[in-house]
Amino acid sequence: MDEKLLRIQELKKEKNAVILAHYYTPDEVQAVSDFVGDSFYLSQIAEQVQEQTIVMCGVRFMGESAKILNPDKTVLLPAANADCPMAHMATVERIAEMQAQYDDLAVVCYVNSTAELKMHADVCVTSANALKIVKALPNHNIFFIPDENLGRFVAAQIPEKHFIFNDGCCPVHAFLSAADVRAAKAAHPGAPVLVHPECRPEVSALADYAGSTAGIIRYAGENSAGEFIIGTEHGVLYELKKQNPGKKFYPLHEEQICPNMKRVTLDKVIAALENGTPAVHMDADSIRRAHAPLQRMLDLS
Ligand code: 13P
Ligand code: SF4
């Protein structure tokens, strides 16, 4: 057995630890993890696991969510500097401004956000459950933070509600253009285009399916086509190929890679388990305040 895998297995037993990884992390990290999934699945699993230590292979907001849901556990974030730029693209001041303007406002916060933003939100969502949750809210006015593209994707399907958007986006998805989709379709005629709703509306509009990373993987497995164009971070190709050895997958764009997710390495996972650091630390009040919208998301899903 591979030396690093063996070491990780020893350490997991010794430290009573479980490893969770996002689909965007490097292939070898996904391969050694106990649970691999999208942001929604990872938050659900983080709440259910029994081990005392959770190793979160992903970016900071994922580690923070695991800590908020498990304040008494140790949450290790192997790549301490893996941070999602979009998580910082909204402000508490703008939230307060919107709350002052609308009586029945719901602040809907994508989990790809800092703990501080979550503390000021009414409910969290992920790309997998945003539509269902916003539909279920009694509020007419929705302030959707921080991702404008996901906000617009949801709003287009709930025309009866009034949405206020925030100027934030995922750089890894928002750089894709409609011209990129047309070029990929021309190169692979007949292959369905599957994209993440963090893409711009004109990109999602040209796709055959837009959904979370887990949704994309499910769609490709259930659809009878033999080849697909994938408009999300390249990491999902590992699971797509594993589950569908007979099918072909073409990235919509060669450069659709999240540099922060790629900061997680096996050496960093080993070091985190050996040293018990870097760990996520949050004060009790922040955990309590950020827990409410996150728990509401899990309850409404
Ligand atoms: P999902 O995990 O919700 O598919 O989101 C993708 C993403 O950008 C995570 O950082
Ligand atoms: Fe953030 Fe985008 Fe990277 Fe996800 S893919 S962590 S949203 S920058």
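The structure this text deals with has already been given above.
Below, the structure is looked at part by part. (Residues numbered from 1 in each chain as written. Chains lettered and ligands numbered in written order. Predicted model: local features only at pLDDT ≥ 70, side-chain atom pairs only at ≥ 80, totals over all residues. Heavy atoms only, no water.)

A few points about the pattern of salt bridges
And then number 1: A full pass over the atoms with the stated rule returns 10 salt bridges.
And then number 2: Of the charged contacts in the structure, one is a salt bridge between R7 and E274, with a shortest N-O distance of 3.1 Å. Highlighted residues: R7 in helix α1 (residues 3-15) and E274 in helix α14 (residues 266-275), separated in sequence by 267 residues.
And then number 3: The class for R7 is partly exposed, based on a relative accessible area of 28%.
And then number 4: Judged by relative accessible area, E274 falls into the partly exposed class, the value being 35%.
And then number 5: A salt bridge links K262 to E233, with the shortest nitrogen-to-oxygen separation between them at 3.0 Å. (Salt bridge = Lys/Arg side-chain N within 4 Å of Asp/Glu carboxyl O. Helix = DSSP H or I, 4+ residues; strand = E, 2+ residues; numbered from the N terminus. Buried < 20%, exposed > 50% of the residue type's maximum accessible area, 1.4 Å probe, protein only.)

Quick notes on the site of ligand 1
And then number 1: Contacts to ligand 1 come from 14 residues, most closely from H22, S39, S127, E198 and T213.
And then number 2: In the model, an oxygen atom of ligand 1 is placed 2.6 Å from a nitrogen or oxygen of the S127 side chain.
And then number 3: Within the side chain of H196, one N or O atom sits 3.0 Å away from an oxygen atom of ligand 1.
And then number 4: Contact with the protein chains removes 96% of the 300 Å² of surface that ligand 1 exposes when unbound. (Near = heavy atom within 4 Å. Polar contact = N/O pair within 3.5 Å; in protein donor to acceptor, adjacent residues only side chain to side chain. Areas by Shrake-Rupley, 256 points an atom, 1.4 Å probe, with all protein chains shown as cover.)

Overview of the sheet that holds strand β11 (residues 227-231)
And then number 1: Within the open sheet, the 4 strands sit side by side as β10-β9-β11-β12. Their pairing is parallel. Two strands in the sheet have a free side with no partner beyond their single neighbour: β10 (209-210) and β12 (248-251). (Pairing = 2+ DSSP bridges.)

Focus on α1
And then number 1: Under the 1.5 Å per step criterion, the end-to-end length of α1 is 18 Å for 13 residues, consistent within 8% with the ideal 18 Å.
And then number 2: Of all the residues in α1, the buried ones are I8, L11 and K12. Viewed end-on, α1 has its buried residues packed into an arc of 105°, placing them on one side of the element. Counted as exposed and oriented over 90 degrees from the buried face of α1: E3, K13 and E14.
And then number 3: Next to the buried residues of α1 lie β1 (17-22), α2 (27-32) and α14.
And then number 4: Positive phi shows up at N16, right after α1, with a value of about 50°. (Expected span 1.5 Å × (residues − 1). Arc of directions from axis to C-beta. Contact = heavy atoms within 4.5 Å.)

A word on the environment of F153
And then number 1: Secondary-structure assignment places F153 in helix α8 (residues 148-155).
And then number 2: Along the backbone, F153 and P197 are 44 residues apart, and their C-alpha atoms lie at a distance of 6.4 Å.
And then number 3: Contacts of F153, omitting those with residues within four sequence positions, involve P197, S204 and A210.

A closer look at unusual backbone geometry
And then number 1: In this model, I145 is joined to P146 through a cis peptide bond whose omega is -20°.
And then number 2: Locating P146 in the fold gives a position in the loop between β7 (141-145) and α8.
And then number 3: Omega for the bond connecting T277 with P278 falls within 30 degrees of zero, at 0°, which places this linkage in the cis form.
And then number 4: Along the polypeptide, P278 turns up in the loop between α14 and α15 (284-300).
And then number 5: Positive phi outside glycine occurs at N16, with the angle close to 50°.
And then number 6: Within the secondary structure, N16 sits in the loop between α1 and β1.
And then number 7: Accessibility expressed as a relative area gives 38% for N16, which makes it partly exposed.

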